[in-house]
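Okay, here's what each chain looks like letter by letter:
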Amino acid sequence: MDAPSAGYAFEYLIETLNDTSHKKFFNVPRLGGTKYDVLPYSIRVLLEAAVRNCDGFLMKKEDVMNILDWKTKQSNVEVPFFPARVLLQDFTGIPAMVDFAAMREAVKTLGGDPKKVHPACPTDLTVDHSLQIDFNKCAIQNAPNPGGGDLQKAGKLSPLRVQPKKLPCRGQTTCRGSCDSGELGRNSGKFSSQIENTPILCPFHLQPVPEPETVLKNQEVEFGRNRERLQFFKWSSRVFKNVAVIPPGTGMAHQVNLEYLSRVVFEEKDLLFPDSVVGTDSHITMVNGLGILGWGVGGIETEAVMLGLPVSLTLPEVVGCELTGSSNPFVTSIDVVLGITKHLRQVGVAGKFVEFFGSGVSQLSIVDRTTIANMCPEYGAILSFFPVDNVTLKHLEHTGFDKAKLESMEAYLKAVKLFRNEQDNLGEPEYSQVIQINLNSIVPSVSGPKRPQDRVALTDMKSDFQACLNEKVGFKGFQIAAEKQNDIVSIHYEGSDYKLAHGSVVIAAVISCTNNCNPSVMLAAGLLAKKAVEAGLQVKPYIRTSLSPGSGMVTHYLSSSGVLPYLSKLGFEIIGYGCSTCVGNTAPLSEAVLNAVKQGDLVTCGVLSGNKNFEGRLCDCVRANYLASPPLVVAYAIAGTVNIDFQTEPLGTDPTGKNIYLHDIWPSREEVHQIEEEHVVLSMFKALKEKIEMGNKRWNSLEAPDSVLFPWDLKSTYIRCPSFFDKLTKEPVALQPIENAHVLLYLGDSITTDHISPAGSIARSSAAAKYLTNRGLTPREFNSYGARRGNDAVMTRGTFANIKLFNKFIGKPAPKTIHFPSGQTLDVFEAAELYQKEGIPLIILAGKKYGSGNSRDWAAKGPYLLGVKAVLAESYEKIHKDHLIGIGIAPLQFLPGESADSLGLSGRETFSLTFPEELSPGVTLNIKTSTGKVFSVIASFENDVEITLYKHGGLLNFVARKFS
């Protein structure tokens, strides 16, 4: 094989895998000897990518040696990293692809060839975030969610009733029973007839019946309201090389990544190298549990990777996390996740790699590992890495990996010392820091009521909630007067009377993100539901319940194990495959509940099995949101309140009046593992692969253009050519000073990207709603911000439109600010629009951890289009700071120990600063205010690459100039 064009400097390291194989690889251990042997496994992957891609330009030999010298160079040098592939989901993927389409226009305008604009890196885009819950068991007769699209385009919606159908067994002679959708098979218990809207498999052949009509109805509406976006995605897959689109209804980005897209070891032109991935979904880290290096980055950085540029990162510290012992049988994987999350957050691993080792690791299944890795954004680490071991190989074998491929994979990983085998006794790598976590110390818990890091032991839940009622308003407080804490409001719903109080559960959602990669917790929820139904327990009908699996595989094993009918009986209907409740796409609560909440000023609760629970995220009127494992979500739904002590108080009573406690229906670990072994099988993974490869009828029949340039529809409110390139010149202009800038917003600590970036439904009174109304749309056609991320006009108007945004100028949560020249209190967009008309630049003042939470490129793009030139904060979330630089906003930081308060700033002043001609990383700048005060700040650029991008006006302009 000819040596690859990259890696020429280390061509001498290329070897044949073995005497009988034609496969080649870079034998990187030869480069470093004993230096290599003490490197953390994750750093070894970085080193291999550097060696393989060393071209002397984007990747220099000096970069390779810096990684090899990680022990002394960590935290001190910047290194580039070329991932093997890129993963996009549609909410963040559509602006990336729209930017590519716009870049073609810009390159043509500058005299270049637009056909050259292609992703250079293999890119997969999953359409998974546009699903909304228009239909579920509670809202079965309801019209679709307000904010929906043109339902006439989606076709007539049929009545919701599934009739039992006979399914042929295709002549299998081993069938021991009838494949009748009315028969649930061996595990059906007392329910021998199909519960309405429940998808069923033949229990003997895993032969699926048609999708439940709830799913089909939601998909039907999804295709109708998102037709323009889907046509654009299909155009993108046709005209851009290296782009593959996973159509709607298949599964979530991180779930499909784990089950279908992950290779563990890549093979390209007979060259073997480790799989690695970056993408716009913060849960990319899930694949770290398979020994795949990957993490979430901003949409802007992702676009750079798609264009063949590396990700630049500070050579990270690697924290070794030693797991010892084994967890209590009643502790779920989510308890382990939240326990490790809290421990790592307390230790402080932000901006670092975490790598797991120790005897406890081998006791964790792959699904446990991926669940733990999936939560790493919540404790701030870049990634959480589990090296490949025998457990990994066994998992891959069970999921259908070819035996020959597994053999070459194992041989390769052992040859380059990327395979962990505790029996080898070769010693552990040297880590920057080692922390120990004893799995025996972890107890069942939930997190909330407003942040994922606020973990509460299950035994303390009742007392903690009552304490939250007493505490002043904050992350752990609601400040309810003592005399009102026992208030009860009666409601009449569906012919019966119920009572709501503080702590009443009104939303219970078993959803995606963290749990659906782990069959044990989903099966535990199903088994608990089965025992609850058999004991005569029910869920109150006003509680908005839903079940949104990560992929069809989850439906398969819940069906084949016989537990899905019981979940359905309790109201946990499968509503579709995609992010729904987790991103604020919850169906509206009933008017009776809403009125009761308002009447009693009640702190009602949502319980979900996701990983985000910021206040107001699920529903504006739900003030307390708790993250819990799937079985606990079901348990709290049955209890109807979080204000309960499960140890001493019953969930309810059986038909004879006997008290039923949680321990009476909680499934044992042995029960769960037995069901898991029987039903999480090869056929389920095969079914998902077939579903992806075959697509679906709606997607396959969707028409889309195939022109070189996208034919923008000027009337479209979904897809619009953005204005980022409007003032693009062949060469960058000199850095301009920021003079007499007003403060658009004066914010406090922990401002998340949820506060900044548009998300969820479009409020009828918002600036975005006015824009859409002026274009002839009704509120039913607004759809969500996520669905309209391809329209910069909508997204700019939705920036800082979160109702929970606390602007110190206003003094209460509201998406408002003051336009100081006129003194008017306006929507943030309206104020920014006035400032831009007046030619006044803007800045934002903020406290600590500005931009925390999920990676969202519109959290930077939006402020940029509002006219924000700089953000001045006490500290930043790294991904968001990278975004600010990538779009052309200067990230300024107060000196250590200083803040707006300590400097006596009111935010009503104007601010001016000048950039030096030779801008350097971490340089100190002086800011002068209109009151005469002068103070110093740090320009928070970390390297010369960031400075170069900022000088170009951001990454998009930089890349466009490269093509011109």
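Since the structure is predicted, the reported quantities are computational estimates derived from the model, not experimental observations.

### Overview of the overall build of the protein chain
For the protein chain, the helix and strand inventory stands at 32 helices and 34 strands. Counting the 964 residues in the protein chain, one finds 62% classified as buried. Partitioning the intrachain contacts of the protein chain with sequence separation of at least 6 by distance along the chain shows that 75% fall at a separation of at least 24. Summed over all atoms, the accessible surface of the protein chain reaches about 35600 Å², with 49% contributed by carbon and sulfur.

### Some details on the sheet that holds strand S12 (residues 318–324)
Taken together, four strands build an open sheet; the order of strands is S14-S13-S12-S15 and the sheet is parallel. Each edge of the sheet is formed by a strand with only one pairing partner; in this case those strands are strand S14 (383–385) and strand S15 (433–438). Between one strand axis and the next, the sheet turns by 25° as a mean value, whatever way the strands run. Sheet analysis places S12 next to strand S13 (residues 353–357), joined by five bridges and oriented parallel. Note on S13: the bridge partner recorded for glutamate 322 is phenylalanine 357. In the packing of helix H3 (residues 41–52) onto the sheet, the strands contacted are S12, S13 and S14, and the crossing angle to S13 comes to about 125°.

### Let's talk about unusual backbone geometry
Between glycine 448 and proline 449 the backbone carries a cis peptide bond, its omega angle lying at 15°. Mapping proline 449 onto the fold places it in the loop between strand S16 (445–447) and strand S17 (455–457). We note that asparagine 242 has phi near 70°; this positive angle belongs to a residue other than glycine. Note that asparagine 242 resides in the loop between helix H8 (227–239) and strand S6 (243–246). By relative accessible area, asparagine 242 is classed as partly exposed at 39%. Of note, the phi angle at phenylalanine 800 is positive, near 60°, even though the residue is not glycine. Within the secondary structure layout, phenylalanine 800 lies in the loop between helix H27 (792–798) and strand S27 (816–819).

### Remarks on the sheet that holds strand S26 (residues 738–746)
Spatial ordering of the closed barrel is given by S26-S29-S30-S31-S34-S33-S32, a layout of seven strands whose pairing is mixed. The average angle at which neighbouring strand axes cross in this sheet is 40°, direction not considered. Two elements, strand S31 (residues 890–894) and strand S34 (residues 934–939), share three bridges in a ladder whose sense is antiparallel. The residue of S34 that forms the bridge with leucine 892 is alanine 939.

### What to know about helix H4 (residues 61–68)
If you check which residues of H4 are buried, you get Asp63, Val64, Asn66, Ile67 and Leu68. Elements that come into contact with the buried residues of H4 comprise helix H1 (29–32), helix H2 (34–37), H3, helix H5 (70–73) and strand S3 (78–81).

### Regarding the side chain of asparagine 53
Note on placement: asparagine 53 falls in the loop between H3 and H4. A polar contact is formed between the side chain of asparagine 53 and the backbone oxygen of alanine 49, at a distance of 2.8 Å.

### Considering the packing of aromatic side chains
Applying the stated rule across the entire model yields 24 aromatic pairs. Their ring planes at 80° and their centres at 5.7 Å tell us that phenylalanine 25 and tyrosine 412 sit as a pair that is edge-to-face. Of this pair, phenylalanine 25 sits in strand S2 (residues 24–26) while tyrosine 412 sits in helix H14 (residues 403–415), and the two are 387 residues apart along the sequence. The residues phenylalanine 25 and tyrosine 412 share a single accessibility class, namely buried. Both rings, one in tyrosine 498 and one in tyrosine 542, keep their centres 5.4 Å apart while their planes meet at 70°; by these two values the pair is edge-to-face. Here tyrosine 498 is found in strand S19 (residues 496–501), whereas its partner tyrosine 542 is found in the loop between helix H16 (519–534) and strand S21 (544–547), with 44 residues between them in sequence. The pair tyrosine 498 / tyrosine 542 is uniform in exposure class, with both members buried. Ring pairing ties together the aromatic residues Phe100, Phe232, Phe233, Trp235, Phe240, Phe710 and Trp712, which thus form one cluster. Taking NZ or CZ as reference, arginine 44 lies 4.4 Å from the ring centre of tyrosine 41, over its face. For the cation-ring pair, arginine 52 lies above phenylalanine 273, with the distance from its terminal atom to the ring centre recorded as 3.9 Å.

### Regarding the pattern of salt bridges
Taken as a whole and judged by the stated rule, the model has 28 salt bridges. One salt bridge connects arginine 30 with glutamate 15, and the closest N-O pair in it is separated by 2.8 Å. With a gap of 15 residues between them, arginine 30 in helix H1 and glutamate 15 in strand S1 (residues 14–16) connect regions that are remote in the sequence. Across the pair lysine 530 and glutamate 534 runs a salt bridge, and its minimum N-O distance is 2.8 Å. On the criterion of helical spacing, the pair formed by lysine 530 and glutamate 534 is a turn pair, its members being four residues apart in helix H16.

### Focus: the pairing of strand S20 (residues 505–510)
Side-chain direction in a regular strand flips from residue to residue, so the side chains alternate between the two faces of the sheet. Among the six residues of S20, six are classified as buried, and the element is accordingly described as predominantly covered. Sheet analysis places S20 next to strand S22 (residues 605–608), joined by four bridges and oriented parallel. Following the sheet pairing, alanine 508 is matched in S22 by valine 607. For S20 and S21, the ladder comprises four bridges, and the chain directions are parallel. By the bridge assignment for S21, alanine 509 is matched with serine 546.

### So, the packing of H3 against H4
At a closest axis distance of 9 Å, the pairing of H3 and H4 adopts a crossing angle of 165°. Relative to H4, H3 is oriented roughly antiparallel. Considering only the axes of H3 and H4, their crossing is left-handed. Across from Ile43, Leu46, Leu47, Ala50 and Val51 in H3, the residues of H4 making contact are Val64, Ile67 and Leu68. The residue inventory of the contact of H3 with H4, partitioned by class, reads eight nonpolar, no polar and no charged.

### Topic: the nonpolar core
Membership of the largest hydrophobic core comes to 190 residues, with the highest contact counts inside it found for Phe232, Trp295, Phe353, Leu744, Phe800, Tyr850 and Leu892. Counting residues per element, this core draws most heavily on helix H6 (residues 90–109), at 10 residues. By size, the runner-up hydrophobic cluster in this structure holds 78 residues, among which are Met461, Leu564, Leu602 and Val642.

### What to know about helix H29 (residues 858–866)
In terms of burial, H29 is a largely internal element, eight of the nine residues being buried. Turning to H29, its buried residues are Trp858, Ala859, Ala860, Lys861, Gly862, Pro863, Leu865 and Leu866. Backbone geometry just after H29 places glycine 867 at a positive phi near 100°.

### Structural notes on the environment of aspartate 464
Topologically, aspartate 464 is positioned in helix H15 (residues 461–470). In this structure the C-alpha to C-alpha distance between aspartate 464 and proline 449, which are 15 residues apart in sequence, comes to 9.7 Å. Beyond its immediate sequence surroundings of up to four residues, aspartate 464 is in contact with Val456 and Lys476. There is a polar contact of 2.8 Å between the side chain of aspartate 464 and the side chain of lysine 476.

### Brief notes about the confidence of the model for the protein chain
Per-residue pLDDT for the protein chain has a mean of 83; in total, 84% of the residues score no lower than 70. pLDDT under 50 marks residues 137–210. Its contacts with residues more than four places away, or in other chains, come to 162 contacts.

So, how was this worked out
For every chain, the first residue of the written sequence is number 1, and numbering continues from 1 onward in sequence order. Predicted model: local features are reported for residues with pLDDT of at least 70 only, side-chain atom pairs are reported and counted for 80 or more only, and whole-chain, interface and lining totals are derived from all residues. To get the side-chain values, all heavy atoms of the structure are used, and hydrogens and water are removed first. Elements are defined by DSSP. Helices are runs of H or I of four residues or more, strands are runs of E of two residues or more, and each kind is numbered from the N terminus. Type-normalised accessible area, obtained with a 1.4 Å probe on protein chains alone, sets the label of each residue: buried when under 20%, exposed when over 50%, and partly exposed for intermediate values. Any two residues whose heavy atoms approach within 4.5 Å are treated as being in contact. Shrake-Rupley sampling with a 1.4 Å probe provides the accessible areas, and residues are treated as covered by the protein chains on show and by no other component. When DSSP finds at least two bridges between two strands, those strands are taken to pair. For every element, the axis is a line fit to its C-alpha atoms; helices are fit only across the contacting stretch, and the angle between N-to-C directions ranges from 0 to 180 degrees. Whenever two N or O atoms come within 3.5 Å, that pair is a polar contact, provided that in protein one can donate a hydrogen and the other can accept it, and provided that, for residues adjacent in sequence, both atoms are side-chain atoms. Any pair of Phe, Tyr and Trp rings, taking the six-membered ring for Trp, is counted once the centres come within 6.5 Å. Such a pair is stacked with planes under 30 degrees apart, edge-to-face with planes over 60 apart, and tilted for the rest. Definition used: whenever NZ (Lys) or CZ (Arg) falls within 6 Å of the ring centre and also within 35 degrees of the ring normal, the charge is taken to sit over that ring. Salt bridge, as used here: a side-chain nitrogen of Lys or Arg that lies within 4 Å of a carboxyl oxygen of Asp or Glu. Any angle that is under 35 degrees is reported as roughly parallel, and any over 145 degrees as roughly antiparallel; angles of 65 to 115 degrees are reported as roughly perpendicular and all others as oblique. Note on convention: the crossing is left-handed when the near helix lies turned anticlockwise from the far helix by less than a right angle, right-handed when the turn is clockwise. Put simply, Ala, Val, Leu, Ile, Met, Phe, Trp, Tyr, Cys and Pro go in the nonpolar bin, Asp, Glu, Lys and Arg in the charged bin, and everything else, Gly too, in the polar bin. Here the nonpolar core consists of buried residues drawn from Ala, Val, Leu, Ile, Met, Phe, Trp, Tyr and Cys, with membership extended through side-chain atoms lying within 4.5 Å. pLDDT is a residue-level measure of predictor confidence that goes from 0 to 100.

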